[in-house]
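# Commentary on secondary and tertiary structure
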Amino acid sequence: MLGRGSSHTAVFYPGPMHLFWTTGIYYLNELAKQFETTAILADATRQEVDRINSLTEGRVHRIFSFRDRTKLAKHWQYRKISKELVEDVKPSIVVADHDMYPFEVYLLREAKRAGSVNICYQSGIAEGTIRDQFLRFLGAKAVDLREDYRIPPSCALELAKASFHLQEFWYYYVGPMLAGSLPFPGKSCAFVLRVRNGMRDSDCSIVFGEREKRIAIEDGVPERKVVTIPHPLTWEVSKSIREQLLVSTDVYRFVASGKPLVVIFLEHSMDVFRLRRDTRQPILKEEIYAMWEGVVRQVADIFSDAIVLIKKHPAQGINDPFLLFIKKISLDRPNVTIVEENIPAMGLAARSSVIISETSTVLYTASLCFDNKCIVSLDLDRKLLGDVYCNT
């Protein structure tokens with residue numbers, strides 16, 4: 001058997017629910033066929049839990065959902081849940097979406113102590129190396145500080161670096177110690193943008209292809225830990241669940257008119273400052289807003305006989321500044337509708353004729369599912385990592 005533990009049991013943690021419905025559900029379904037599996041979910045609704053039971057035909061032994069807390073209470077909560085869960089389940093195997101975010105580090109540490117095999121998996125598109133990701137967010141933070149506080153460029157850059165490292169110090173050292181745990185030193189970090197699976201308490205890091213494997217090894221993940229498998233959406237055993245998710249009844253009201261659908265998917269951090277990948281110069285917020293105003297209006301005009309849906313990212317709040325801006329510029333385009341509900345992205349994609357977004361997991365996933373769709377990757381401002389989809 002895979003596990004070194006004393007029982008044929010497993011624990012599964014998928015991270016954010018919107019990514020669970022993209023990839024995690026398929027891992028959970030296969031895991032539950034072979035192990036007595038306990039799934040632990042953050043902020044899942046009762047309806048989502050019921051849907052998981054239906055899709056997996058009741059194979060999941062137990063589904064436990066918790067409400068995420070903030071600040072120090074989060075660390076007490078994570079430590080308590082992880083310890084109690086591992087003591088109760090005694091898992092042979094733990095499968096999680098990452099091994100460096102705060103809850104996962106608690107869970108995988110406890111599981112490793114109990115002799116479990118720990119596996120983390122790729123849940124979305126791999127944007128680039130740690131260095132490129134760090135440059136992108138460091139530049140964004142530095143420009144943000146310059147604009148908001150009139151700080152000289154060199155000082156803003158150093159303050160941006162300091163803010164990232166302060167986050168790392170809090171989440172991996174101060175928070176755990178205040179919660180009665182040992183700190184979590186490690187080579188990867190979710191807050192200094194050293195985001196790479198396989199560099200902490202996981203025994204294996206699953207990736208989707210040779211490109212992702214090359215990036216992981218280049219970033220310092222031991223080659224022996226990196227395992228390449230096809231994306232779960234391409235598995236024959238995933239067909240039944242995939243078809244059920246793609247015919248989501250939540251999208252019926254948009255297709256009732258019989259008009260074709262064009263869907264624009266927004267990303268989480270749409271209004272953060274960006275860097276141009278050729279010059280590493282900042283792209284200011286005003287430029288980003290102007291570009292998107294042109295995108296929305298041109299798409300609405302070109303597809304005047306279609307329904308143009310603009311789908312907000314699940315992590316965007318209803319008062320997100322960029323989302324409010326998009327609503328405002330859409331008022332004079334009657335064929336444009338803002339979709340604020342957390343309707344499954346792939347359900348919308350399945351019903352659409354054209355799918356438009358910047359580099360995103362939605363584009364990547366849609367390219368695997370649909371041979372007959374027009375998929376448009378926007379790279380109008382030539383931002384750093386803006387061409388990842390084209391090169392994947």
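First things first, this report covers the structure right here in the doc. Residues take numbers from 1 onward in each chain, read along the sequence in its written order. Only residues with pLDDT of at least 70 are given local features in this predicted model, and only at 80 or more are side-chain atom pairs given and counted; all residues enter the totals for whole chains, interfaces and linings. Working from all heavy atoms in the structure, the side-chain values ignore hydrogens and water.

### Here's the deal with the pairing of strand E3 (residues 62-66)
By definition, two strands form a pair when at least two bridges between them are found by DSSP. For the purposes of this entry, the term helix denotes a DSSP run of H or I that reaches at least four residues, the term strand denotes a run of E that reaches at least two, and both are numbered from the N terminus. When strand E2 (residues 36-42) meets E3, the two strands line up parallel, connected through five bridges. For Ala 39, the partnering residue across the bridge sits in E3 and is Ile 63. Note that the unit made of E2, helix H2 (residues 46-55) and E3 has a crossover that is right-handed. Orient the strands so they point away from the viewer, and a crossover whose first-strand-to-second-strand path over the helix runs clockwise is right-handed.

### With respect to the side chain of Arg 333
Here Arg 333 shows up in the loop between helix H11 (321-330) and strand E12 (336-339). Of the residues examined, Arg 333 reaches a relative accessible area of 17% and is grouped as buried. When residues no more than four places from it in sequence are discounted, the contact partners of Arg 333 are Arg 297, Ala 300 and Asp 301. Burial here depends on accessible area, computed with a 1.4 Å probe over protein chains only, as a share of the maximum for the residue type. Under 20% is buried, over 50% is exposed, and the range in between is partly exposed. The criterion used for residue contact is that any of the two residues' heavy atoms lie within 4.5 Å.

### Notes on helix H7 (residues 210-218)
By the burial criterion, the buried members of H7 are Arg 211, Glu 212, Ile 215 and Ala 216. All buried residues of H7 project into a common sector of 130° when viewed along the axis, lining one side. Opposite the packed face of H7, turned more than 90 degrees from it, sit the exposed residues Glu 210 and Glu 218. Where H7 is buried, its residues meet strand E6 (204-207), strand E7 (226-228) and helix H13 (361-369). Arc definition: it is the arc formed by the directions from the helix axis to the C-beta atoms.

### Notes on the environment of Lys 259
Along the chain, Lys 259 turns up in the loop between helix H9 (252-255) and strand E8 (261-265). Expressed as a C-alpha distance, the spacing of Lys 259 and Ile 307, which sit 48 residues apart in the sequence, is 6.4 Å. The contacts of Lys 259, once residues within four sequence positions are left out, are Asp 305 and Ile 307.

### Digging into the nonpolar core
Take the buried residues of types Ala, Val, Leu, Ile, Met, Phe, Trp, Tyr and Cys, join any two whose side-chain atoms come within 4.5 Å, and each joined set is a nonpolar core. Counting residues in each nonpolar core, the largest one holds 35 residues, and the members touching the most others are Phe 12, Phe 20, Trp 21, Ile 25, Tyr 27 and Ile 52. Residue assignment for this core shows that the elements contributing at least two residues are strand E1 (9-13), helix H1 (17-34), E2, H2, strand E4 (93-96), strand E5 (117-121), E6 and helix H8 (239-246). With nine residues, the top contributor of residues to this core is H1. Setting aside residues up to four positions removed in sequence, Phe 20 forms contacts with Phe 12, Pro 14, Ile 25, Leu 28 and Ile 52.

### Comments concerning the sheet that holds strand E11 (residues 307-311)
Across the sheet, which stays open at both edges, the five strands sit in the order E12-E11-E8-E13-E14 with parallel pairing between neighbours. Edge positions in the sheet fall to E12 and strand E14 (374-378), since each of these pairs with one other strand and no more. Taken over all neighbouring pairs, the strand axes of this sheet differ in orientation by 20° on average, direction set aside. As paired elements, E8 and E11 share five bridges and run parallel to each other. Within E11, the residue paired with Phe 265 across the bridge is Lys 311. In this analysis, axes come from line fits to C-alpha atoms, helices being fitted only over the stretch in contact, and the angle between any two N-to-C directions falls in the range 0 to 180 degrees. Across the sheet, H11 touches E11 and E12, and the angle it forms with E12 is around 160°. Here H13 sits on the sheet and contacts E8, strand E13 (354-358) and E14; the angle it forms with E13, its principal contact strand, is near 145°.

### Observations regarding the pairing of E1
In terms of burial, E1 is a largely internal element, five of the five residues being buried. By the alternation rule, side chains of E1 split into Thr 9, Val 11 and Tyr 13 and Ala 10 and Phe 12, which are all buried. Across four bridges, E1 lies against E2 in parallel orientation. When the sheet's bridge partners are listed, Ala 10 is paired in E2 with Thr 37. Handedness of the crossover is the feature at issue here: the chain leaves E1, passes through H1, returns alongside E2, and the resulting connection is right-handed. By the bridge criterion, four bridges tie E1 to E4 in an arrangement that is parallel. Residue pairing for E4: Phe 12 is matched across the bridge by Val 95.

Scope: geometric values only; no functional claims are made or implied.
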